[in-house]
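Examination of the molecular architecture
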Amino acid sequence: ELEKKYGVEKPIWSTELGLNSQGLPRHTVAVELIKKFSTFFAAGGENVSWFGLLYPDPQGKSFGSAGDSHNVFDCRYNRYCPRLDAVAYYHAVNAIAIKKFVAERQYEGGQRAFLFRDRDGRCLQVLWGKEPSDVFVPLPGVGKVDMVWIDGRQHTLDAAEEGVTLTVSADPVMIVYQGEATLAEKLEPPRAQMQLASDKLGEAKITAQSRRIAADGIRFAAPPLWDVDSAVDSDDDRTEATFSFSPPATPTSVREVELWTTLANPQGKTVGVLYRRLPRQN
């Protein structure tokens, strides 16, 4: 009644945003952290913190417990080693900073995008979808774009006042830039696309518009120590780069394979990043 009498608008605060994370991979927690922060502010939230940061564990006895599952740090013996969700938390806070929510949009392909902007024109877009899809994100008038992935990996791209090519998947990706570019009405076809052979894990094809992407500007990276062979076929309108990759002979417990492709234009500027994470086949 007092707030109504004096015209005070009650803000939405959440001191324990999170999820029941016991038994879940830290990757799942990190994904939810960025998604929930984005949607919280989009829904009108003002202040928020994640469910738990750390509980001291000097004897190293709480690992795997309900309390430990909410720690974004591994607190055994009070070492406070950052988990994946701590890395995601760090980058989410720095990316949002003082930016205010501006708009959100859901695209036909199932991708969602959220836009934040601060008083100095610094913008943040957070994008995610379902199945991995390579898209072109229009960013008219924008130059430098900083990308941050779920694990804190970063790439710096040149939008060339047009936009960037990237992979939108279930893992949220954050792109930070300076400018007035708003959320696009629709996501456009990518300047290059990654296709994986359906019958075997060890082959990837990158098909690019050769006038947009240089033939020698397609750079593919498999996990460290994996062998990679490449072949490139190019003409005036199209470039197709085929990469064959295989694991090292040494036995490994790796269960998933990360594949990265960076794209450079004929001027040598990096204009896109494509990404896949797949289960490893024996």
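Before any of the text, the structure's been laid out above.
What comes next concerns the included structure. (Residues numbered from 1 in each chain as written. Predicted model: local features only at pLDDT ≥ 70, side-chain atom pairs only at ≥ 80, totals over all residues. Heavy atoms only, no water.)

1. A closer look at helix H4 (residues 84–96)
In a regular helix each residue adds 1.5 Å, so 13 residues correspond to 18 Å; H4 covers 18 Å between its end C-alpha atoms and thus fits that length. Every buried residue of H4 is accounted for by Asp 85, Ala 86, Ala 88, Tyr 89, His 91, Ala 92, Ala 95 and Ile 96. Positive backbone phi, approximately 45°, marks Ala 97, located one or two places after H4. (Helix = DSSP H or I, 4+ residues; strand = E, 2+ residues; numbered from the N terminus. Expected span 1.5 Å × (residues − 1). Buried < 20%, exposed > 50% of the residue type's maximum accessible area, 1.4 Å probe, protein only.)

2. Focus on unusual backbone geometry
Of note, the phi angle at Tyr 80 is positive, near 55°, even though the residue is not glycine. For Tyr 80, a relative accessible area of 28% corresponds to the partly exposed category. Backbone geometry places Ala 97, a non-glycine residue, at a positive phi of 45°. Among the secondary structure elements, Ala 97 is positioned in the loop between H4 and strand E5 (100–106). We classify Ala 97 as exposed; its relative accessible area is 52%.

3. Regarding the pattern of salt bridges
In a structure, side chains of opposite charge can pair up when their charged atoms sit close to one another. All chains considered together, the criterion is met by 18 salt bridges. Between Arg 212 and Glu 162 there is a salt bridge, and its shortest N-O distance comes to 2.8 Å. Of this pair, Arg 212 sits in the loop between strand E14 (203–209) and strand E15 (218–221) while Glu 162 is found in the loop between strand E10 (154–158) and strand E11 (163–168), placing the two residues 50 residues apart along the sequence. For Arg 212, a relative accessible area of 36% corresponds to the partly exposed category. Of the charged contacts, one joins Arg 277 and Asp 171 as a salt bridge, the two residues approaching to 2.8 Å between their closest N and O atoms. In this pair, Arg 277 sits in strand E19 (residues 270–279) while Asp 171 sits in the loop between E11 and strand E12 (173–178), placing the two residues 106 residues apart along the sequence. A relative accessible area of 29% means that Arg 277 is categorised as partly exposed. One network of salt bridges, in which partners are shared, links Asp 74, Arg 76 and Arg 79. (Salt bridge = Lys/Arg side-chain N within 4 Å of Asp/Glu carboxyl O.)

By themselves, these are just geometric observations and shouldn't be taken as functional.
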